[in-house]
Amino acid sequence: MKLKPLNRQSVRMAATMLMLAEGSTTTLNVKLYLRDRGFKAGQSEVSSWLFRIATRERWTINDNGTYRLYYFPNFMGLPLSGTAPRVSK
């Protein structure tokens, strides 16, 4: 089976589906989701696409030094389910 090439639309769709289902996502989750659907998805390529998409879409990115968690922006100021409350300084 020939693998489908990765593109912005496929990465955005995968990340959106995972964030809707789980509340957040990571590059690894997006990569595995895409591979399960027949895409040629490498970690670095998915990471690059996902970071550019998240920045453009103004998604929330939580970088803990090991990996990044991606969330939809919280426009209401309410805690998102499954996430830690934000600490303001």
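Summary of the structure given here. Small disclaimer: the values here were computed from a predicted structure and weren't measured. (Residues numbered from 1 in each chain as written. Predicted model: local features only at pLDDT ≥ 70, side-chain atom pairs only at ≥ 80, totals over all residues. Heavy atoms only, no water.)

1. Focus: the pattern of salt bridges
Within this structure, the stated rule accounts for two salt bridges. Residues R12 and E57 are paired through a salt bridge, measuring 3.3 Å at the closest nitrogen-oxygen approach. Taken together, the positions of R12 in helix α1 (residues 8–22) and E57 in helix α3 (residues 43–57) put the pair 45 residues apart, joining distant regions of the chain. Since its relative accessible area comes to 32%, R12 is described here as partly exposed. Under the relative-accessibility criterion, E57 is labelled partly exposed at 30%. Two residues, D63 and R68, come together in a salt bridge whose shortest N-O distance is 3.7 Å. Judged by its relative accessible area of 47%, D63 is partly exposed. (Salt bridge = Lys/Arg side-chain N within 4 Å of Asp/Glu carboxyl O. Helix = DSSP H or I, 4+ residues; strand = E, 2+ residues; numbered from the N terminus. Buried < 20%, exposed > 50% of the residue type's maximum accessible area, 1.4 Å probe, protein only.)

2. A look at the packing of aromatic side chains
What characterises a pair of aromatic rings is the spacing of the ring centres plus the angle enclosed by the ring planes. Overall, the coordinates contain one aromatic pair when judged by the stated rule. Judged by centre distance (5.9 Å) and plane angle (90°), the ring pair of W59 and F72 falls under edge-to-face. Remark: F72 occurs in the segment after β2 (68–71) and W59 occurs in the loop between α3 and β1 (60–63); sequence separation between them is 13 residues. With relative accessibility at 8%, the residue W59 sits in the buried group. R37 extends its terminal NZ or CZ atom over the ring of Y33, reaching a point 3.6 Å from the ring centre. Stacked on the ring of W49, the Lys or Arg R52 has its end atom at 4.5 Å from the ring centre. (Phe/Tyr/Trp six-rings, centres within 6.5 Å; stacked < 30°, edge-to-face > 60°. Lys NZ or Arg CZ within 6 Å of the ring centre and 35° of its normal.)

3. Some remarks on helix α2 (residues 27–36)
By the burial criterion, the buried members of α2 are T27, V30, K31, Y33 and L34. Buried residues of α2, seen end-on, are gathered within an arc of 165° and therefore sit on one face of the element. Those residues of α2 that are buried are in contact with α1, α3 and β2. Phi turns positive one or two residues past the end of α2, at G38, with a value near 85°. (Arc of directions from axis to C-beta. Contact = heavy atoms within 4.5 Å.)

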